[in-house]
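Chains, contacts and geometry: an overview
What follows is each chain in one-letter form.
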Amino acid sequence: MALFEKISNDIKDAMKARDKVRLETLRNIKKVFLEAKTAPGANDTLEDSEALKILAKLAKQGKESAHVFTEQKRQDLADEEIAQVNVIEEYLPKQMSESDIEAQIKDIIAQTGATSMKDMGKVMGIASKSMAGKADGRIISTIVKDLLS
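Residues numbered from 1 in each chain as written. Predicted model: local features only at pLDDT ≥ 70, side-chain atom pairs only at ≥ 80, totals over all residues. Heavy atoms only, no water.

It is worth spelling out the environment of Ser 49 at this point. Note on placement: Ser 49 falls in helix 3 (residues 48-71). Judged by relative accessible area, Ser 49 falls into the partly exposed class, the value being 46%. (Helix = DSSP H or I, 4+ residues; strand = E, 2+ residues; numbered from the N terminus. Buried < 20%, exposed > 50% of the residue type's maximum accessible area, 1.4 Å probe, protein only.)

Averaged over all residues, the pLDDT of the chain equals 87, while 99% of them reach at least 70. Mean pLDDT per element in the chain: helix 6 (residues 120-130) is the minimum at 85, and helix 4 (residues 75-89) is the maximum at 92. (pLDDT = per-residue confidence, 0-100.)

With that settled, the discussion passes to helix 4. Between the first and last C-alpha of helix 4 there are 20 Å, a value that for 15 residues agrees with the 21 Å anticipated at 1.5 Å per step. Residues of helix 4 that are buried: Ala 78, Gln 84, Val 85, Val 87 and Ile 88. Buried positions along helix 4 lie against helix 2 (20-37) and helix 3. (Expected span 1.5 Å × (residues − 1). Contact = heavy atoms within 4.5 Å.)

The next point concerns the nonpolar core. Core analysis: the biggest nonpolar cluster contains 21 residues, and Ile 7, Leu 26, Ile 29, Phe 33, Leu 55, Ile 88 and Tyr 91 have the highest contact counts within it. Elements represented by at least two residues in this core include exactly helix 1 (3-17), helix 2, helix 3 and helix 4. Once residues lying within four places of it in the same chain are set aside, the contact partners of Leu 26 are Ile 7, Asp 10, Ile 11, Ala 14, Val 87 and Tyr 91. Within the second largest apolar cluster, 15 residues are counted, among which are Ile 105, Ile 108, Ala 135 and Ile 140. (Core = buried A, V, L, I, M, F, W, Y, C linked by side-chain atoms within 4.5 Å.)

This part covers the packing of helix 6 against helix 7 (residues 137-148). One way to put it is that helix 6 packs onto helix 7 with a least axis distance of 10 Å and a crossing angle of 140°. One way to sum up the angle between helix 6 and helix 7 is to call them oblique. The element helix 6 and its partner helix 7 pack so that their crossing is right-handed. Where helix 6 approaches helix 7, its residues Met 120, Val 123, Met 124 and Ala 127 are matched on the opposing element by Gly 137, Ile 140, Ser 141, Val 144, Lys 145 and Leu 148. (Axes fitted to C-alpha atoms, helices over the stretch in contact; angles between N-to-C directions. Parallel < 35°, antiparallel > 145°, perpendicular 65-115°, else oblique. Left-handed = near helix turned anticlockwise from the far one by under 90°.)

Following this line, the structure appears as structure tokens:
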């Protein structure tokens, strides 16, 4: 079942369960998915890989918002954002640990023959594609920099 249909079915389940946070979050996800499907050039389709990128972006935005709310002493709003992020993360693949990321990047460096920071773009391109949705781009970038310098 495609991610788009799964979200649609889970909206129905959240309505039946009267789970307001889950329902609101899933409706927001579906809205963003529909916008992506109807965007110019999308041909009214949404691949799961694109859907996962959207979910990762929404989760990241939610975490950043929660951080800002916490800094501004608005814990009530931060808690709402974290609750929504938890719902979004249920649909994302399990995140890789830093040691797993480092091991995979070492393999990529060995395959590409990268030796210096000049090769960072080549390594980042492959690493970003292979770990899309499973690891944060900043963490990947930091590890690549450390290994190449």
